[in-house]
Amino acid sequence: MTDHKDDLHQYLRDARDALLWKLDGLSEQDVRRPLTPTGTNLLGLLKHVASVAVGYFGEVYDRPFPEPMPWIEDGGERNEDMYATAEESREQIIGFWHRAWAHADATIAALPLDAAGRVPWWPPERGEIILHRLLCHMLEETARHTGHADVVRELIDGAAGRRATGSNLPEQDERWWADYREHLEEIARTAG
């Protein structure tokens, strides 16, 4: 029989591994570059998802994370969880990522799927939650931001897909992709 908690946890680990590898091989500037009008950048996505994991798998279950997060606490700049400051190195953010997920993994391992928690930043009528729902929520949150990272990374250097070792995209050469893109452009022009 399938262990539902293990299934959810494995999908969550897969999504977060995909997000982390999006930084591989890029310069310090490229991991910080805002490539959308709202400032989306790779290192910021990593910092944000780790911060959210700390909140949900820590505070919600009264399992406090053992280090401060000044970007979340009072006095941090607005939206500071979505970028690395000039003083924060890539290594610091990646280290925080690993510590945040180790903390989350310990919470997931320690609790049954029906463990009740409370999300203090949600409206009171929706704040009660069980671990099963929280795992689903964090899987969605992580996968959503991993999708953002897919697009940002592709804009930086063309690297696309789910893993460094296998993109899960059709294996085609650059010419094929250029022709494919032009074909879609033509469809868009015709439809417009």
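Residues numbered from 1 in each chain as written. Predicted model: local features only at pLDDT ≥ 70, side-chain atom pairs only at ≥ 80, totals over all residues. Heavy atoms only, no water.

Caption draft 1: Quick peek at helix α1 (residues 4-21). In this model α1 runs 26 Å from its N-terminal to its C-terminal C-alpha over 18 residues, within 8% of the 26 Å that 1.5 Å per residue would give. Those residues of α1 that sit buried are Lys 5, Leu 8, His 9, Leu 12, Ala 15, Arg 16, Ala 18, Leu 19, Leu 20 and Trp 21. Tucked into the core, α1 has its buried residues touching α3 (42-57), α4 (90-110) and α5 (131-157). Where α1 begins, the side chain of Asp 3 points an oxygen toward the backbone nitrogen of Lys 5, at a separation of 3.0 Å. (Helix = DSSP H or I, 4+ residues; strand = E, 2+ residues; numbered from the N terminus. Expected span 1.5 Å × (residues − 1). Buried < 20%, exposed > 50% of the residue type's maximum accessible area, 1.4 Å probe, protein only. Contact = heavy atoms within 4.5 Å. Polar contact = N/O pair within 3.5 Å; in protein donor to acceptor, adjacent residues only side chain to side chain.)

Caption draft 2: Molecular detail of the packing of aromatic side chains. Inspection of the entire model under this criterion finds 9 aromatic pairs. Measuring from centroid to centroid gives 5.1 Å for Trp 71 and Phe 96, while their planes differ by 80°, and the two rings are edge-to-face. Separated by 25 residues along the polypeptide, Trp 71 in the loop between α3 and α4 and Phe 96 in helix α4 bring together distant segments of the chain. The two residues Trp 71 and Phe 96 agree in class, both being buried. Taking 5.6 Å as the distance between ring centres and 85° as the angle between the ring planes, the aromatic pair formed by Trp 177 and Tyr 180 counts as edge-to-face. Remark: Tyr 180 and Trp 177 occur in helix α6 (residues 174-191); sequence separation between them is 3 residues, near one turn of the helix. Linked through ring pairs, Tyr 56, Trp 121 and Trp 122 together constitute an aromatic cluster. (Phe/Tyr/Trp six-rings, centres within 6.5 Å; stacked < 30°, edge-to-face > 60°.)

Caption draft 3: Up close: the nonpolar core. The biggest cluster of nonpolar side chains holds 43 residues, and the ones touching the most others in it are Phe 57, Trp 101 and Met 138. Those elements that provide at least two residues to this core are α1, α3, α4 and α5. No other element matches the 11 residues that α3 contributes to this core. In contact with Trp 101, other than residues within four places in its own chain, are Leu 12, Arg 16, Val 49, Ala 50, Ala 53, Phe 57, Met 138 and Thr 142. (Core = buried A, V, L, I, M, F, W, Y, C linked by side-chain atoms within 4.5 Å.)

Caption draft 4: Geometry of the packing of α1 against α4. The contact between α1 and α4 brings their axes to 12 Å, and the two run at 175°. Compared by their axis directions, α1 and α4 come out roughly antiparallel. Across the interface between the two elements, Lys 5, His 9, Leu 12, Arg 16, Leu 19 and Leu 20 of α1 pack against Ile 94, Trp 97, His 98, Trp 101, Asp 105, Ile 108 and Ala 109 of α4. Here the contact of α1 with α4 is composed, by residue class, of 8 nonpolar, 2 polar and 3 charged. (Axes fitted to C-alpha atoms, helices over the stretch in contact; angles between N-to-C directions. Parallel < 35°, antiparallel > 145°, perpendicular 65-115°, else oblique. Nonpolar A, V, L, I, M, F, W, Y, C, P; charged D, E, K, R; others polar.)

Caption draft 5: Just α3, in detail. For α3, built from 16 residues, the straight-helix expectation of 22 Å at 1.5 Å per residue is met to within 8% by its first-to-last C-alpha distance of 23 Å. Here α3 lies mainly inside the structure; 16 of its 16 residues are buried. Put simply, Asn 41 is the residue that caps the front of α3, since its side-chain oxygen is 2.6 Å from the backbone nitrogen of Gly 44.

Caption draft 6: The arrangement of unusual backbone geometry in detail. You will see that Asp 62, though not glycine, has its phi angle at about 50°, which is positive. Residue position: Asp 62 is located in the loop between α3 and α4. With a relative accessible area of 68%, Asp 62 lands in the exposed category. The phi torsion at Asn 79 lies on the positive side, around 65°, for a residue other than glycine. Looking at the secondary structure, you find Asn 79 in the loop between α3 and α4. Given a relative accessible area of 49%, Asn 79 falls into the partly exposed group.

Coordinates in, geometry out; function isn't part of it.
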